[in-house]
Amino acid sequence: MAKKVFKLNPLSSSSITALQKQLREYRDSLDNKCERFVRELAESGISVAKVNTGNFGKYLAFTVQSSWTADGYKAVLLATNTGIIHSEWRTKDGVKTADVSPLLMCEFGSGLRAKNPMNVPGVGTGTFPGGTHGADPEGWWYMDLDGVWHHSYGMTPKMPMYHASLAIMSNVQRVAKEVFG
């Protein structure tokens, strides 16, 4: 970033007033640049998150909450469910149900396929709520409400928020150069 040079003409009350005006304009432009910098990084994260949702995209919303704090301008990228998936299947004991968070299923997956393909700390083999076969190498079978059997190994995590964070980190220098010059 280039250094900003402020000029003070021969010392007088009008030159000091002019310098104060320059400093206010610079402060305001810097505030605007900080807002733009943070907003553009957050938007780059949202763009990446949206393309990493698989079939869950219709159940998820990505937004940014931003505000000024004592430390500067802050933005938080949020992912929320727009609804809950109500899953039903048959067992020998009758119909079972579970409410599933699309966001958690999308981010962390389930079963053997959730093995953490990118070695993200804290992520591992997931299980469907109350599930007992998540780590079974043979997967599992379940019967839908129409009596049709289906086989599954689980679902691979799509990790929209993880990918968003990687995109934001990789864009910091580029966006800083664009915004601050």
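See the structure above.
Thresholds applied
- Residues numbered from 1 in each chain as written.
- Predicted model: local features only at pLDDT ≥ 70, side-chain atom pairs only at ≥ 80, totals over all residues.
- Heavy atoms only, no water.
- Helix = DSSP H or I, 4+ residues; strand = E, 2+ residues; numbered from the N terminus.
- Expected span 1.5 Å × (residues − 1).
- Buried < 20%, exposed > 50% of the residue type's maximum accessible area, 1.4 Å probe, protein only.
- Contact = heavy atoms within 4.5 Å.
- Pairing = 2+ DSSP bridges.

Engineer: I'd love a proper account of helix α1 (residues 13–50), names of residues and values included.
Structural biologist: With 38 residues, α1 should cover 56 Å at 1.5 Å per step; its first-to-last C-alpha distance of 56 Å lies within 8% of that length. Taken as a whole, α1 has its buried residues at S15, F37, V38, L41, A42, S44, G45, I46 and A49. On its buried side, α1 packs onto β1 (60–69), β2 (72–81) and α3 (160–180).

Engineer: Give me the environment of V175: which residues, what numbers.
Structural biologist: On the secondary structure map, V175 appears in helix α3. On the basis of relative accessibility, which here comes to 1%, the residue V175 falls in the buried class. The spacing of V175 and V38 is 137 residues in sequence and 9.0 Å in space, taken between C-alpha atoms. With residues near it in sequence (within four places) discarded, V175 still touches F37, E40 and L41.

Engineer: Describe the pairing of β1, listing the residues and the values that go with them.
Structural biologist: Sheet analysis places β1 next to β2, joined by ten bridges and oriented antiparallel. Looking at the pairing, W68 lines up with Y73 of β2.

Engineer: Let's hear about the pairing of strand β6 (residues 140–143): which residues, and what values?
Structural biologist: As defined by bridge partners, β6 adjoins strand β7 (residues 149–152) across four bridges and the pair is classed as antiparallel. When the sheet's bridge partners are listed, W140 is paired in β7 with S152.

Engineer: Break down unusual backbone geometry for me, with residues and values.
Structural biologist: Unusually for a residue other than glycine, M159 sits at a positive phi of about 50 degrees. Among the secondary structure elements, M159 is positioned in the loop between β8 (154–155) and α3. Overall, M159 belongs to the buried group, its relative accessible area being 3%.

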